[in-house]
Amino acid sequence: MARKDFLDIVSLDREEIIQLLDQAEPFKDLFTRSVKKVPALKGKAVLMLFYEPSTRTLSSFEVAAKRLSADVTTFDVPSSSVTKGESVRDTIDTLQAMRADYIVVRHGLSGQPAAIARQTGASVINAGDGAHAHPTQALLDAFTLREKFPEMEGKRVLITGDILHSRVARSTSTILRKLGVKVAFLGPGSLVPKTASPDIPRFTNYDQAISEFGPDAVYLLRIQKERMAAPFFPSDREYHNLYGITDERLRQLAGEGTYIMHPGPINRGVELCDAVLDYDRCLISQQVENGIAARMSVLYGLKPQTS
Ligand code: CP
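Keep in mind the model is a prediction, meaning the values are calculated, not measured. (Residues numbered from 1 in each chain as written. Predicted model: local features only at pLDDT ≥ 70, side-chain atom pairs only at ≥ 80, totals over all residues. Heavy atoms only, no water.)

## A look at the overall build of the chain
Point 1. Check the secondary structure of the chain and you find 10 helices and 9 strands.
Point 2. Its C-alpha radius of gyration of 19 Å places the chain within 12% of the 19 Å reference for a compact globule of 307 residues.
Point 3. In terms of its C-alpha atoms, the chain occupies a principal-axis envelope of roughly 55 × 45 × 35 Å.
Point 4. Buried residues in the chain amount to 53% of all 307 residues.
Point 5. Of the contacts made within the chain by residues no fewer than 6 positions apart, 73% connect residues no fewer than 24 positions apart.
Point 6. The averaged location of the 37 negative side-chain charges in the chain is 3 Å from the averaged location of its 38 positive side-chain charges. (Helix = DSSP H or I, 4+ residues; strand = E, 2+ residues; numbered from the N terminus. Rg over C-alpha atoms; globule rule 2.2 N^0.38 Å. Buried < 20%, exposed > 50% of the residue type's maximum accessible area, 1.4 Å probe, protein only. Contact = heavy atoms within 4.5 Å. Lys, Arg positive; Asp, Glu negative; His and termini not counted. Charge placed at Lys NZ, Arg CZ, Asp CG, Glu CD.)

## Side note on unusual backbone geometry
Point 1. That bond from Gly264 to Pro265 is cis: its omega, -10°, falls within 30 degrees of zero.
Point 2. Examined against the element boundaries, Pro265 turns out to sit in the loop between β9 (259–261) and α10 (284–301).
Point 3. Located in the positive-phi region is Ser69, a residue other than glycine, with phi close to 70°.
Point 4. By the element assignment, Ser69 lies in the loop between α2 (56–67) and β2 (71–75).

## A word on the sheet that holds β9
Point 1. An order of β7-β6-β5-β8-β9 is seen for the 5 strands of this open sheet, with the pairing classed as parallel. Each of the sheet's edge strands pairs with one partner strand only, and the pair in question is β7 (202–203) and β9.
Point 2. Pairing between strand β8 (residues 217–220) and β9: 3 bridges, direction parallel. Bridging across to β9, Tyr219 finds its partner in Met261.
Point 3. Strands β5 (156–160), β8 and β9 of the sheet are contacted by helix α5 (residues 135–148), whose axis makes an angle of about 165° with β9. (Pairing = 2+ DSSP bridges. Axes fitted to C-alpha atoms, helices over the stretch in contact; angles between N-to-C directions.)

## Focus: the site of the ligand
Point 1. Every residue near the ligand is listed here: Ser54, Thr55, Arg56, Thr57, Arg106, His134, Gln137, Pro263 and Gly264.
Point 2. Take Ser54: an N or O atom from its side chain is 2.6 Å from an oxygen atom of the ligand.
Point 3. Within the side chain of Gln137, an N or O atom sits 3.0 Å from a nitrogen atom of the ligand.
Point 4. For the ligand, whose unbound accessible area comes to 250 Å², protein coverage reaches 92%.
Point 5. The residue makeup of the shell around the ligand includes at least three contributed by each of domain 1 (14–134 + 291–301) and domain 2 (135–288). (Near = heavy atom within 4 Å. Polar contact = N/O pair within 3.5 Å; in protein donor to acceptor, adjacent residues only side chain to side chain. Areas by Shrake-Rupley, 256 points an atom, 1.4 Å probe, with all protein chains shown as cover. Domains from an automatic or database assignment.)

## What about the packing of aromatic side chains?
Point 1. Taken as a whole and judged by the stated rule, the model has 3 aromatic pairs.
Point 2. Ring centres of Phe27 and Tyr300 lie 5.6 Å apart, and the angle between their planes is 75°; on these two criteria the pair is classed as edge-to-face. Taken together, the positions of Phe27 in helix α1 (residues 14–30) and Tyr300 in helix α10 put the pair 273 residues apart, joining distant regions of the chain.
Point 3. Residue class for Tyr300 comes out partly exposed when judged on its relative accessible area of 42%.
Point 4. Ring geometry for Tyr239 against Tyr243: centres 5.5 Å apart, planes inclined by 40°, an arrangement best described as tilted. You can see Tyr239 and its partner Tyr243 sitting in helix α8 (residues 236–243), 4 residues apart, about one turn around the helix. (Phe/Tyr/Trp six-rings, centres within 6.5 Å; stacked < 30°, edge-to-face > 60°.)

## Considerations on α10
Point 1. Its 18 residues place the ends of α10 26 Å apart at the C-alpha level, agreeing with the 26 Å of an ideal helix rising 1.5 Å per residue.
Point 2. Within α10, the axis deviates most sharply at Asn290, by approximately 30°.
Point 3. Counting buried residues in α10 gives 13 out of 18 residues, a clear majority hidden from the surface. (Expected span 1.5 Å × (residues − 1). Bend = angle between axes of the 7 residues up to and from the residue.)

Structure, rendered in C-alpha cells:
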C-alpha cells in the first residue's frame, strides 16, 4: 500500500483490504511474545488529535504506534487553544512545527481529516469523522470476523440500531461487502436511512430480520443520543424490547451459534442485556484486542511525505 493517508474504506480496493488484513496477522502474533515491539517506525513521530471523546480508538492507536517504536504525542484538545477559538487549520499549522510524520484525527465534522490531509505532508489517519467514516474500526471488524470465518464470502452480518448516525455502519458495511459478506440493516424506520444502498436489505422487525436474513453475526450499534436533536424512538426500554439483545433473544442466537459484535461503547439495557458480555460468541473484547493489530497494519503501510 503506497498511500499517504487512510481516510475511508470506499477508496480501498479488495486487494488493499486483504493486504492490510494479512499484514495485521503477524502484528497480532506479537502480543503473545515477551517483547511486544518491533522497530518499524523507530524515529517517527505520531500525533493524536482527537476533537471528540474516545476510549478504544485513542488508546488502541497509542499502543499500536508504541509497539511500532514510534514516538507518540497525544494533543489534549480540551485544554488547548482550540477552546479559545483556534481553527483546525491554524492548529495543524502550529503542530506542523513539531514535524509529525503521522496525524491520527477524530473530528465531529465529516471530511475534516481529508482537509487536514491536504494541508500536511504527514500521513493522516481518520479515527472517525462525523457520521462519515471510521475506517480503522471497519478494518478491525473485518479482521475479527475473518478469524471466525476465514472464507468470508457469502457470510451474513445483520447491522442493528442507529444506522443513520453511524460512521461505523457506513465503513463496516462497505468493507464487509467488498470482502463478499452479505449485509442487512435492522432498526427503527427513523434510524435506518432509506438512502442506503438498494441492495442492502432493510428490516424494521427483529424476528423477521433473523428468520429471513439468517445472520452469522449480529453487529449492534450504539444509540448515539449526542447526535440526535430530538428523540428517534419513544424510550430506551422500548428500543431494548424491540431491537435489543434480551435474555430470550440471546438464547435464540446461542442456539443458532450466531456471533455478536459491537464497536463500543455499549449501552447496557439498550442494545444488549448484561448476559451478552458473558456469551462465548460475543466478540466485543476480541474487537478491541484486534484494533491494535489492525492499526499497526495501517500505520506500517502508509507513506508520509515528510523528510
Ligand atoms: N469504537 C469506537 O470508536 O470507540 P471509541 O469512541 O471509544 O474510540
